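# Report on the structure
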Amino acid sequence: MTDDYKSKKVISIGVVKELTGLSERQIRYNEERKLIFPERTENGTRKYSFSDVETLVKIAEKREEGVQSYEISQDMKKERAKREGESQMRRKMIRGQLNAHFRMKS
């Protein structure tokens, strides 16, 4: 089983409140600051993923340590860029391995 379940946006804000201990206002504030990105249903209800919940907990911990939301945002951008770079490198390696494999068969 993969971590795909972590990315599915299926959790309501009420459940997120219970899981994180945050208020709706705090959760929405993190969305406004572009720290999390819930999906919206047709009627506008926010839906969060388990990854969003984990992110909210990490943000809350950093806020308790006195870290400002701008700093958190910058750190998160760096983390995303690092993950994207690693993902691109993996794709290039796989592509190279596939090319080498098929060249040998030709």
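Now for a look at the structure at hand. (Residues numbered from 1 in each chain as written. Predicted model: local features only at pLDDT ≥ 70, side-chain atom pairs only at ≥ 80, totals over all residues. Heavy atoms only, no water.)

Moving on, we get to the overall build of the protein chain. Assigned secondary structure in the protein chain consists of five helices and two strands. Start at the N end of the protein chain and walk to the C end: the helices and strands fall as α-α-α-β-β-α-α. Here the protein chain has a C-alpha radius of gyration of 19 Å; the compact-globule value for 106 residues is 13 Å, and the former is much larger. Taken along the three principal axes of its C-alpha coordinates, the protein chain extends 60 × 35 × 25 Å. Here the protein chain, with 106 residues, has 24% of them falling under the buried criterion. Across the protein chain, contacts joining residues at least 24 apart in sequence account for 56% of those joining residues at least 6 apart. Treating the 25 positive side-chain charges of the protein chain as one cloud and the 18 negative ones as another, the clouds have centres 7 Å apart. (Helix = DSSP H or I, 4+ residues; strand = E, 2+ residues; numbered from the N terminus. Rg over C-alpha atoms; globule rule 2.2 N^0.38 Å. Buried < 20%, exposed > 50% of the residue type's maximum accessible area, 1.4 Å probe, protein only. Contact = heavy atoms within 4.5 Å. Lys, Arg positive; Asp, Glu negative; His and termini not counted. Charge placed at Lys NZ, Arg CZ, Asp CG, Glu CD.)

Time to look at the pattern of salt bridges. Counted under the stated rule, the structure contains seven salt bridges. Its salt-bridge partner being Glu24, residue Arg28 comes within 3.1 Å of it at the nearest N-O pair. Taken together, the residues Arg28 and Glu24, both in helix α3 (residues 24-32) and four residues apart, mark about one turn of the helix. For the salt bridge of Glu32 with Arg25, the shortest nitrogen-to-oxygen distance reads 3.1 Å. When salt bridges that share partners are traced, they join Lys17, Glu24 and Arg28 into one network. (Salt bridge = Lys/Arg side-chain N within 4 Å of Asp/Glu carboxyl O.)

A word on the packing of aromatic side chains. Enumeration according to the criterion identifies one aromatic pair in this entry. Geometrically, the ring pair formed by Tyr5 and Phe50 is edge-to-face, given 5.9 Å between the ring centres and 65° between the ring planes. Of this pair, Tyr5 sits in helix α1 (residues 4-7) while Phe50 sits in helix α4 (residues 50-64); the two residues are 45 residues apart in sequence, bridging distant segments of the chain. The exposure class of Tyr5 is partly exposed, given its relative accessible area of 39%. (Phe/Tyr/Trp six-rings, centres within 6.5 Å; stacked < 30°, edge-to-face > 60°.)

A word on the environment of Ser7. With respect to the secondary-structure elements, Ser7 resides in helix α1. Look at Ser7 and you get partly exposed, because its relative accessible area is 46%. In sequence terms Ser7 and Glu64 are 57 residues apart; their C-alpha atoms lie 26 Å from each other.

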